[in-house]
Amino acid sequence: MTHPFLDLAPLSAARFASIEDRVARLLDTRQDVVIMQGEALLPLEGAIRGTAGPGTTALNVITGPYGQTFGDWLRDCGATVIDLAVPFHTAVTAAQIREAFAEHPGIDFVSLVHAEAATGNTNPVAEIGEVVREHGALFYLDAVASIGAEPVLPDAWGVDLCVIGAQKAMGGPAGVSAVSVSERAWARMAANPRAPRRSYLSLLDWKERWVDGGRKALLHAPAQLEMLALEACVERIEAERPETVMARHASAAAATRAGAVALGGGLEPYVRDAAEAAPVATTLRTPSGVAASELVARALASDPALPLAAGGGALAKEMIRVNHYGGDATVGVVQGCLAALGAALAEKGLDVDLEGARRAVEGVWR
Ligand SMILES: *Cc1c(COP(=O)(O)O)cnc(C)c1O
């Protein structure tokens, strides 16, 4: 008896390499792309531990919860860390990065999150990349939440370590991830005595035993199911065309924003400037006195399948996340989310315009 995901043949090195090539095409990069056998935190941590050490001066940009984690890893590696935190309702600017370099000329590493699914903002990576390149620092980017929802172009932007995961806008598996690595980044790792070696966190192991060997023999048995799912999800994006997938996400974000404003009831876009709002997910601020977690619970009671969540930690009081990514970047899901939130606000006695919200979403959807 055959089973759809049991008794699979081992994934060959050739197939593994071809999936890496496919991911490289999605990123439009000529850098080495290494697919890591774990959730995106694996290459995120491996890339920092591989390149940072006591001699490193890192500018760590914090626009959401992940930036905090990167700063902790960098400090753990012995790096001197300059944290640049911006309020979650905005994005960081290239001018702020330039000022940081002027103040701390020793910066030789910059860590940045591209888009934040957790706070709903997106940062201007192309402009920031220009500043980072002018100063010769190594540029590390978490593009897990942006890939598939908006352009991610490591070569054009001068990104040395670009980490992606498939579980957000790509609608793919969470158990494998990828990182593109520039020659400069490989050189930094090779020269770093503290870079993980013979370790699951090691990128250098993949460089020395996989990339440099012509990708003929894998380091260990790959996660077949997750690899096949990653291949299928990139294939699906190629078939729909990446521009179309990204346009769906942009429409979902714009429609959610416009719909929330039209809905009223005190709901507001959390990210104030639409240009700084991420296409992957839209965050909304609840009116004072209305807990976001309670509103989300009421909305989910009417339809548990809606991609709604309250913000993490202290943000659960005031932030609603509409996770309109992957298969949820549709006009129907956006309408459903706003209708459910509108009904929940009405139950709390707030004045909402459900029909106005519905028309606003329709008007914005491209
Ligand atoms: C989702 C996400 C990740 C991956 O983390 P999970 O906790 O597994 O979801 C990493 N970085 C960013 C910016 C993300 O949005």
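Residues numbered from 1 in each chain as written. Predicted model: local features only at pLDDT ≥ 70, side-chain atom pairs only at ≥ 80, totals over all residues. Heavy atoms only, no water.

**Quick look at the domain arrangement of the protein**
Logical step 1: Split by domain assignment, the protein resolves into domain 1 (13–240) and domain 2 (242–365).
Logical step 2: Between the C-alpha centres of domain 1 and domain 2 the distance comes to 29 Å.
Logical step 3: Each partner contributes residues to the interface: domain 1 has 23 residues there, and domain 2 has 23 residues.
Logical step 4: The tally of links from domain 1 across to domain 2 stands at 1 salt bridge.
Logical step 5: Ionic pairing is found between Glu240 and Arg248, a salt bridge with its closest N-O pair at 2.8 Å.
Logical step 6: Connecting domain 1 to domain 2 are 9 residue pairs in polar contact (both at pLDDT 80 or more).
Logical step 7: Taken together, the residues of the side of domain 1 that touches domain 2 sort by class into 10 nonpolar, 9 polar and 4 charged. (Domains from an automatic or database assignment. Contact = heavy atoms within 4.5 Å. Salt bridge = Lys/Arg side-chain N within 4 Å of Asp/Glu carboxyl O. Polar contact = N/O pair within 3.5 Å; in protein donor to acceptor, adjacent residues only side chain to side chain. Nonpolar A, V, L, I, M, F, W, Y, C, P; charged D, E, K, R; others polar.)

**Quick look at the site of the ligand**
Logical step 1: Taken together, the residues surrounding the ligand are Glu39, Tyr66, Val113, Ala115, Ala117, Asp142, Val144, Ala145, Gln167 and Lys168.
Logical step 2: Between the ligand and Asp142 there is a distance of 2.6 Å, counted from a nitrogen atom to a side-chain nitrogen or oxygen.
Logical step 3: Computed on the free molecule, the ligand has an accessible area of 370 Å², of which 80% lies beneath the protein chains in the complex. (Near = heavy atom within 4 Å. Areas by Shrake-Rupley, 256 points an atom, 1.4 Å probe, with all protein chains shown as cover.)

**Some words on the side chain of Glu116**
Logical step 1: The residue Glu116 is located in the loop between strand E4 (109–113) and helix H5 (125–134) in this model.
Logical step 2: The charged side chain of Glu116 is buried without a salt bridge, its nearest counter-charge being Lys168 at 8.3 Å.
Logical step 3: In this structure the side chain of Glu116 is engaged in a polar contact, spanning 2.9 Å, whose partner is the side chain of Thr63.
Logical step 4: At a separation of 3.2 Å, a polar atom in the side chain of Glu116 contacts the main-chain amide nitrogen of Gly64. (Helix = DSSP H or I, 4+ residues; strand = E, 2+ residues; numbered from the N terminus. Buried < 20%, exposed > 50% of the residue type's maximum accessible area, 1.4 Å probe, protein only. Lys, Arg positive; Asp, Glu negative; His and termini not counted.)

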